[in-house]
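# Structural overview
One-letter residues, chain by chain:
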Amino acid sequence: HIHFSSFYYRFFTRTLYHNLALGRMTITADQITAALEKVLLTEKINQIDGGLHFKVQNVDNVPLSSSERKRFMLARIFLTDADLVVLDEPFDYLSDENSYYLLQHIVLFCQEQQKGLIILSNRKGFASFFANRVMLNTGRLYPMKVESKRPAAQWGIVNANPIMAGCGGGRK
């Protein structure tokens, strides 16, 4: 099955723990801890009154910044048993440094777990990390040419085989 992560972070009116587990009862505390560590949120969650037991009333009462909320949603990737991970603008609200760090962990996780990975992004700077790149323009897919200023190896990403799809621009 497919794990889809929307560009917009969604919180449900349950605890933060439930917002990560998404109803899967087999997820362990160690898996949750590891996922939060990968997205650099362990310390922040521990500072929240109630930690993972914090009750979400609505999206406005979640005590996380936009960047932290996005990383919280990305933590779900490391808990999924899906065969395919599809991410829509996964690095909005994140600095380039955090984005590259998370991209490295997501790509490696998907490779280790033999999951397919598709990233939809308008940030063309990420395209150099992927062997397969396409651009959607006026309803058609075109191969995306990339002139990289930053080699993937600089960020620790080697042999990345997922697909990146971008939108906009003309045929390049």
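Anything mentioned here points back to the structure above.
Residues numbered from 1 in each chain as written. Predicted model: local features only at pLDDT ≥ 70, side-chain atom pairs only at ≥ 80, totals over all residues. Heavy atoms only, no water.

### Quick word on helix H2 (residues 29–38)
The α-helix advances 3.6 residues per turn, and as a result positions three or four apart in sequence lie on the same side. Listed as buried for H2 are Ile-32, Ala-35 and Leu-36. On an axial view of H2, the arc spanned by its buried residues comes to 95 degrees, and they lie on one face. On its buried side, H2 packs onto helix H1 (16–21), helix H3 (42–47) and helix H4 (66–75). Phi turns positive, to about 60 degrees, at Leu-40, one or two residues after H2. (Buried < 20%, exposed > 50% of the residue type's maximum accessible area, 1.4 Å probe, protein only. Helix = DSSP H or I, 4+ residues; strand = E, 2+ residues; numbered from the N terminus. Arc of directions from axis to C-beta. Contact = heavy atoms within 4.5 Å.)

### Points about the nonpolar core
In this structure, Phe-11, Leu-16, Leu-36, Ile-45, Phe-72 and Ile-106 are the most contacted members of the largest nonpolar core, which totals 41 residues. If you list the elements that add at least two residues to this core, you get H1, H2, H4, strand S2 (84–88), helix H5 (96–112) and strand S3 (116–120). Of all the elements, H5 adds the most residues to this core, at 7 residues. Beyond its immediate chain neighbours, meaning those up to four positions away, Phe-72 contacts Phe-11, Leu-16, Asn-19, Leu-20, Leu-36, Leu-41, Ile-45 and Leu-64. (Core = buried A, V, L, I, M, F, W, Y, C linked by side-chain atoms within 4.5 Å.)

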